[in-house]
Each structure stands twice: as structure tokens, then as C-alpha cells.
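# Observations on chain architecture
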Amino acid sequence: MAVDPNRRVVTEIWQGQPRVRLATLPTHLERGPVLAGQSLLWVKRDDLTGLGMGGNKARKLEFLCGAAVASGADCLITVGAGQSNHCRMTAAAGALLGLEVHLVLAGDRPAVLEGNQLLSERFGAHQHFTGAGPAEWGLLEIAREDLTEELQAQGLKPYSIPIGGSTAVGALGYIVAYQEIVEQAVALNLSPKSIVFTSSSGGTHAGLVAGRAHMRALGRTEVLPNLLAIGVAKGVVAGFPSVKELAQESLAIAGLPGEVLDEDIEVDARWLGKDYAIPTDASQAAITWAAHNGAWVLDDVYTAKGMAGLLGNATQGRWASGEDVIFIHTGGSPEVFVRHD
Ligand SMILES: Cc1ncc(COP(=O)(O)O)c(C=O)c1O
């Protein structure tokens, strides 16, 4: 472990992979109310990972930025929807690490920056607005690749991160998270049945799946919660095989034993509604329910639909009376302050 005086960040090696410590870990696992069907909710507060107002991406960025620093990169490039939490947290990581950050974003530059865009600007990132539609992921990825080549041609050494940081390296952060949850459950004498979370680009899901496969390979089966991803973007629903491949690849680069099976991967797409970032009646109700029952702040795009999926599954009888269910609150709070005219 080492502290770089210029960067003020601890670097270490985890399973042979460079990691910069950006997140406040472990995050709390806090008790929630009894759900329909008498199961009990627990909330894993990954909205409080700390980095630039927190969220799930801080865990991925620990490894992505570890790889960037190890490769000698002098700037980070990434891409996302107009109000991307991943982009905002990459901007925050760049500020901490002294790396220039370029963000490729959907939409046009608004007259007044709000939410994640306001914060990214404050962290010193360059925001490149592409005019692309909110879920035109393919176009956005092409724009990221083009910008990467452009900056290379200018003599920069970018570390370019695909959408959501969902690479095998990024997913390592959620292998760590799965282990963390199991340790917390054991300490609390719980045997949670399921971990439920919002899934979009799939890296969070892949890391958790990998973490579970690893625990299973170690024979740690006494506490082995299954995983229920609530899909909030169409790509993820179609992308079933890629979560499996990403998970297996992530285990491989960390040199961890574990075999990912088809049945390990479950994406419940019923809570998406019309499309990415378009609220549903259930997501609006989940925002109010979470605020009233735990003072949890959910965002429209991600966590509201994730929680809607959890509440809906509980109502439909997925969990038996007395079973513990964990919701990973993956963040997104800056979006709450964006006006939707
Ligand atoms: C708040 C929030 N929750 C969940 C997710 C989904 O994570 P992933 O892209 O790893 O599937 C994101 C991704 O942007 C997010 O910002």
C-alpha cells in the first residue's frame, strides 16, 4: 500500500490488479421495514461511497483508475447519458488523481448546467455534448472512440473507459462488494435470500455474479444470496450473454476460481416501462415509499425502477415470510435536483 503525495490517494494491489482507494468502504448495510409477504428489507448504502457525492461507480473506478495510473495515462475519457452518474464520478476521480477528464455526453449543452453536469464541471472535467439521444449508446461509444483518437493525436495518453465503466476491470469493484455483503451478513447473523439492484450497462451485475461464483467455488455456501438485476435500459435486457462473459473475464483477470453459470444471471425487465429514463407509475411510487420508509433518496432513472422491481417482486410473493432481502442503493442522487420541464 502506498500514498502518492501528489495524488493524496492510497494505491494498493488487489489480486494482482492495481487499485486506487476512492470509495469509503465498507458502506453501511442498514435495516429497513418489513415488505409485502413479511420478508425484511436491508439497504446496502452504495449511494454513500463518498466519491464526488457517491454511487456504485466509485467501486468500479477504484480499479479502472488503478489501471489508468499504472498505464501512465495522463487523462481519462468516458461516456454516458446527459445526466450520467458514472461521468460525474469519473470527473471526481480525475480531480483527486490529478488527471484531465473528458466526458462524452448525450444531448446538447444546456443554458444552465444542473445535477451531474454541474458537478462534473465543478470537478474540472471537459464535457463534450454530442447531440445524441439519451439511449443512443452505440453512437455515444463511437464518439468516445473518436475523441480518444483525437486526444492521442494531440499527444495525450488517455485511458478510455466504455459506458458505465462496465469492463472486466471495472467489475472487480463488485466482486469486492459481494464479499463485503457476505461478511456483513455473517456479522449480523443474517442469511439473505437475494440481493436486488438496478442494472444498466451490466458491470455492477457482472461483478456481483463473479463474486458469488467465487464464493461458491470456495465452498462458502452457507451465506450465498442470489442476484436479481432490475434492468433499466433496453441494451442490458438484450445483453444477457455479455454479463456472463464479463463476470467470467473479471474472475480470470483477478486469478480467482469460479465458474459462472447461465442460471446465475437473472434480469427482470418488467420495471423498465417505455424506455431508459422515462418514469413509470411504479417508479414514482417507489420514490415516495423509499423517502417515507427509510429517508432513502432515489433517482428517477436508476434506483427508483430498481426499488419498484424489489417492491413489485415482494408483492408478487417472491420472498417468504422472515426472509432477508438486500437492496443495493447504487446512488444517483444528483439527478433529483434536475428540472424536467
Ligand atoms: C445510480 C445508478 N444505479 C445503477 C446503475 C447501473 O449500473 P451498471 O451500469 O453497472 O449496470 C447506474 C449506472 O449508471 C447508476 O448511475
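Preceding this section is the structure that the text describes.
Everything in this summary refers to the structure shown in the same document.

Cut-off values and rules
- Residues numbered from 1 in each chain as written.
- Predicted model: local features only at pLDDT ≥ 70, side-chain atom pairs only at ≥ 80, totals over all residues.
- Heavy atoms only, no water.
- Pairing = 2+ DSSP bridges.
- Helix = DSSP H or I, 4+ residues; strand = E, 2+ residues; numbered from the N terminus.
- Axes fitted to C-alpha atoms, helices over the stretch in contact; angles between N-to-C directions.
- Contact = heavy atoms within 4.5 Å.
- Buried < 20%, exposed > 50% of the residue type's maximum accessible area, 1.4 Å probe, protein only.
- Right-handed = clockwise from strand over helix to strand, strands pointing away.
- Salt bridge = Lys/Arg side-chain N within 4 Å of Asp/Glu carboxyl O.
- 1 Å grid on protein atoms, 1.4 Å probe; cavity = no way out; pocket = protein on both sides within 12 Å on 5 of 7 lines; lining within 4 Å.
- Points joined across faces, edges and corners; volume = space filled by probe spheres on them.
- Nonpolar A, V, L, I, M, F, W, Y, C, P; charged D, E, K, R; others polar.

### Side note on the sheet that holds strand β8 (residues 126–129)
Pairing in this open sheet of four strands is parallel, and the strands run β8-β7-β6-β9 from one edge to the other. The open sheet is flanked by β8 and β9 (158–160), the only strands paired with a single partner. Within the sheet, the average angular offset between the axes of one strand and its neighbour, ignoring direction, is 20°. Bridging between strand β6 (residues 75–80) and β9 involves three bridges; their strand directions are parallel. Note on β9: the bridge partner recorded for C75 is P158. The strands touched by helix α3 (residues 115–122) are β7 (100–105) and β8; relative to β8, the strand with the most contacts, the crossing angle is about 140°.

### A closer look at the pairing of strand β11 (residues 226–231)
By the criterion of burial, β11 is predominantly enclosed, with five of the six residues buried. Between strand β10 (residues 194–199) and its parallel partner β11, the chain crosses via helix α6 (residues 203–217), and the hand of that crossover is right-handed. Direction of pairing for β11 relative to strand β12 (residues 267–268): parallel, over a ladder of two bridges. From the neighbouring strand, A229 faces β12, where its bridge partner is V267.

### Focus on the pattern of salt bridges
The final tally for this structure, using the stated rule, is 19 salt bridges. Close ionic contact of R144 with E141 constitutes a salt bridge, the shortest N to O distance being 2.6 Å. With R144 and E141 both in helix α4 (residues 137–153), this residue pair falls three residues apart, about one helical turn. With relative accessibility at 8%, the residue R144 sits in the buried group. By relative accessible area, which is 16% here, E141 ends up buried. For the salt bridge of K234 with D275, the shortest nitrogen-to-oxygen distance reads 3.8 Å. Highlighted residues: K234 in helix α7 (residues 234–238) and D275 in the loop between β12 and α9 (281–294), separated in sequence by 41 residues. Accessibility expressed as a relative area gives 46% for K234, which makes it partly exposed. According to the relative accessible area criterion, D275 is partly exposed, its value standing at 24%.

### Quick notes on the layout of surface pockets
Each pocket or cavity is described by its volume, and for the largest pocket that value is around 550 Å³. What lines the largest pocket is a set of 36 residues, among which I163, G164, S200, S201 and G202 lie closest to the centre. Within the lining of the largest pocket, the residues separate by chemical class into 10 nonpolar, 22 polar and four charged. Taken together, 24 residues line the second largest pocket, and the ones lying closest to its centre are G82, Q83, A106, Q117 and V338.

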